[in-house]
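# Analysis of the macromolecular model
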Amino acid sequence: MKPVIVVHGGAGRIFKEREEGCRAGTVRAALQGYGVLKRGGSAVDAVEEAVQSMEDDPHFNAGCGSVLNEKGEVEMDAIIMDGKNLDSGAVSAVKCIANPVKLARLVMEKTKHMLLTDQGAHLFARAMGIPEIPGEKLVTERSRERWRKNLEPDFNPEDFQKDLGTVGAVAIDSEGNVACATSTGGLSNKLIGRVGDTPCIGSGGYADNHSGATSTTGHGESIMKVVLARLILYHMEQESCSFGAVQCNLL
Ligand code: GLY
C-alpha cells in the first residue's frame, strides 16, 4: 500500500506575518513523517515524528510555543493512537517536557494505562529517562504577550490571532496500518488544570484500521461534546471508507 501522511498546524486565523512560518512548519513536519514511512517505518512512528517536529517549532501552540495558563505557565496535552490494535497513550497538564507526544507514546507502550496527568506524568517521564527542561524554555515572546493582553480589561481577542494552533497528524503505512497523534498547549489563560479534548481518546484523536484515523483541532470543550474524532470515523464507516485519513477543524 502507498503510505500517506496528513498533518495540520491547528485551526484559527493565521495572520499574514506568520503565514510563511506556519506553512513551512507543516511542510517540514509532513516531509519528516513521510520520510519515516518511506524508510519502512510504521504509521505510529510517522505521526510521532511529524508532531514532534511541530512541537519543536515555535509557530504552533504545542511544545515550544504553547499558550500559557492563567498563572502564565505552560500546561500541555498530547495523544497518540495505533489503529492496528486500538492501543493509545496520552498525557495531560505536563509542564517541563519538550515533546509531550513522545511521552504519550511511552505511556502507550510502557504502561498498562492510557492517560497520565501532571505530577504522575512527570514522575513517569523521569523513570523513562526523558529530561525535564525549565518550563520557561517553552514560553515564547508571543505567548507571553498574548497572556498579558488577555489580562487587559478592554482586550479584544479579534485583534490577536486565535490560539487554537493545536498540531496533529494521521498516517497510513505500507502495511495498511493507520495512526494518529495530536499535541497542544490548550487555550490561552485557561484555568490551571484545565484539560481539553486533545488527550481524550475519541475527542483529540482516534485510529482504527477498520475505518481510518482522525486528529482534531479547535475549541476543545465543543469537540468533547460530540467526541468528534470517533464521530468522524463512525460516519466514515457508514460511507464504507475502509481506509482513510482525516483532519477536522472545528472552530
Ligand atoms: N483543541 C485544543 C484544546 O482546546 O485544548
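Residues numbered from 1 in each chain as written. Predicted model: local features only at pLDDT ≥ 70, side-chain atom pairs only at ≥ 80, totals over all residues. Heavy atoms only, no water.

## Brief notes about the site of the ligand
- The full set of residues close to the ligand is Thr166, Thr184, Gly186, Leu187, Arg194, Asp197, Thr198, Gly218 and Gly220.
- In the model, a nitrogen atom of the ligand is placed 2.7 Å from a nitrogen or oxygen of the Asp197 side chain.
- In the environment of the ligand, a nitrogen atom lies 2.7 Å from a nitrogen or oxygen atom belonging to the backbone of Gly218.
- Across the complex, the protein chains shield 100% of the 200 Å² of accessible surface that the ligand would expose by itself.
- Residue composition of the shell around the ligand, by class: one nonpolar, six polar and two charged. (Near = heavy atom within 4 Å. Polar contact = N/O pair within 3.5 Å; in protein donor to acceptor, adjacent residues only side chain to side chain. Areas by Shrake-Rupley, 256 points an atom, 1.4 Å probe, with all protein chains shown as cover. Nonpolar A, V, L, I, M, F, W, Y, C, P; charged D, E, K, R; others polar.)

## Examining the packing of aromatic side chains
- A complete count under the given rule lists zero aromatic pairs for this structure.
- For the cation-ring pair, Arg144 lies above Trp147, with the distance from its terminal atom to the ring centre recorded as 5.4 Å. (Phe/Tyr/Trp six-rings, centres within 6.5 Å; stacked < 30°, edge-to-face > 60°. Lys NZ or Arg CZ within 6 Å of the ring centre and 35° of its normal.)

## Considering the side chain of Thr216
- By the element assignment, Thr216 lies in strand β8 (residues 212-218).
- A polar contact of 3.3 Å, which involves the side chain of Thr216, links it to the side chain of Asp197. (Helix = DSSP H or I, 4+ residues; strand = E, 2+ residues; numbered from the N terminus.)

## Concerning the state of the cysteines
- Summed over all chains, the structure comprises zero disulfides.
- Free cysteine: Cys64, not disulfide-bonded; nearest cysteine sulfur from Cys22 at 13 Å. (Disulfide = S-S within 2.5 Å.)

## Focus: the pairing of strand β7 (residues 205-208)
- Every second residue of β7 is oriented toward a common face, with Gly205 and Ala207 on one face and Tyr206 and Asp208 on the other, all of them buried.
- Summarising the sheet, β7 and β8 pair through four bridges and their orientation is antiparallel. Bridging across to β8, Asp208 finds its partner in Gly212.
- What sits between the antiparallel neighbours β7 and β8 is a turn of three residues. (Buried < 20%, exposed > 50% of the residue type's maximum accessible area, 1.4 Å probe, protein only. Pairing = 2+ DSSP bridges.)

## Quick word on the nonpolar core
- Counting residues in each nonpolar core, the largest one holds 42 residues, and the members touching the most others are Ile5, Val47, Ile80, Val91, Val94, Leu103 and Ala171.
- Considering each element in turn, this core owes the most residues, seven residues, to helix α2 (residues 43-55).
- Apart from the residues lying within four places of it in its own chain, the contact partners of Leu103 are Val91, Val94, Ile97, Ala121, Phe124, Ala125 and Ile130. (Core = buried A, V, L, I, M, F, W, Y, C linked by side-chain atoms within 4.5 Å. Contact = heavy atoms within 4.5 Å.)

## A look at the side chain of Glu48
- Relative to the assigned elements, Glu48 resides in helix α2.
- Within the structure, the side chain of Glu48 is placed 2.8 Å from the side chain of Arg105, a separation counted as a polar contact.
- Other than its neighbours up to four places away in sequence, Glu48 contacts Ile80, Val101, Lys102 and Arg105.

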